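Coordinate analysis (summary)
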Amino acid sequence: MKKSIAIGAFVAVMSVLVLLLGAQAAHTAEGTADANASASVNASTSDIGPDSFLYFLEIAIDRINLALTFDHSAKAEKGLKIAEKRLIEVKEMVEENKLEAAKKAQREHDRVLATVEKSIKKIDKLDEKAQAKLESELEEHENDAESVKSSLELHIKVNGKITPDQRAIIDS
């Protein structure tokens, strides 16, 4: 009896995850319809932000999505899109003065970027074009991250003194 309940609970949880992954895939497909729009770090790409109690679901879906991507080139591309989304979240949370949420998004941004860097290093040496393209995109993203950090510092200076928490976010 207990075994059938455990199996039923497992099936229910897996069903919810499949539904969430499907919803995320549909959301991603809509968001990537215009490649130029997805390259912009100025527009929000998510309804669930780091200040939401459901944020862990978005993180879990992104982690599962990356874990189930076995091609290193594809994993790096997905990771860069996720990192861009996290960077936008950091900016939005600081602008709204939600520092703990900004820290949460920053930690996840850094974790995803580490995954991207590992994936780029694992790309087959025979695929140098893909590796060079991804390294270029990673460098561009890192430049965007620096730009966001600079604009955040300016935003904070204009709106008042910088607290130690805000300084830690800017410096991270």
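The following refers to the structure shown. (Residues numbered from 1 in each chain as written. Predicted model: local features only at pLDDT ≥ 70, side-chain atom pairs only at ≥ 80, totals over all residues. Heavy atoms only, no water.)

As for unusual backbone geometry
Across residues other than glycine, the phi torsion is negative in most instances, and most of the peptide bonds are trans. As a reminder, the rule being used: Only DSSP runs of H or I covering at least 4 residues are called helices, and only runs of E covering at least 2 are called strands; the numbering of each starts at the N terminus. Each residue's exposure class comes from its accessible area (1.4 Å probe, protein chains only) as a fraction of the maximum for that residue type: buried when under 20%, exposed when over 50%, partly exposed otherwise.
The phi dihedral of N97 is positive, around 60 degrees, even though this residue is not glycine. Take N97: it is sitting in the loop between α4 (72-95) and α5 (99-122). Take N97: its relative accessible area is 51%, and that puts it in the exposed class.

Some remarks on the pattern of salt bridges
Note the following rule: The term salt bridge refers to a side-chain nitrogen of Lys or Arg lying within 4 Å of a carboxyl oxygen of Asp or Glu.
Following the criterion strictly, the structure yields 12 salt bridges and no others. R63 is the salt-bridge partner of E108, the closest N and O atoms lying 2.9 Å from each other. Pair noted here: E108 is in helix α5 and R63 is in helix α3 (residues 55-67), with a separation of 45 residues, a long-range link. Its salt-bridge partner being K98, residue E96 comes within 3.2 Å of it at the nearest N-O pair. Taken together, the salt bridges that share partners define one network made up of E58, D62, K85, R86 and E89.

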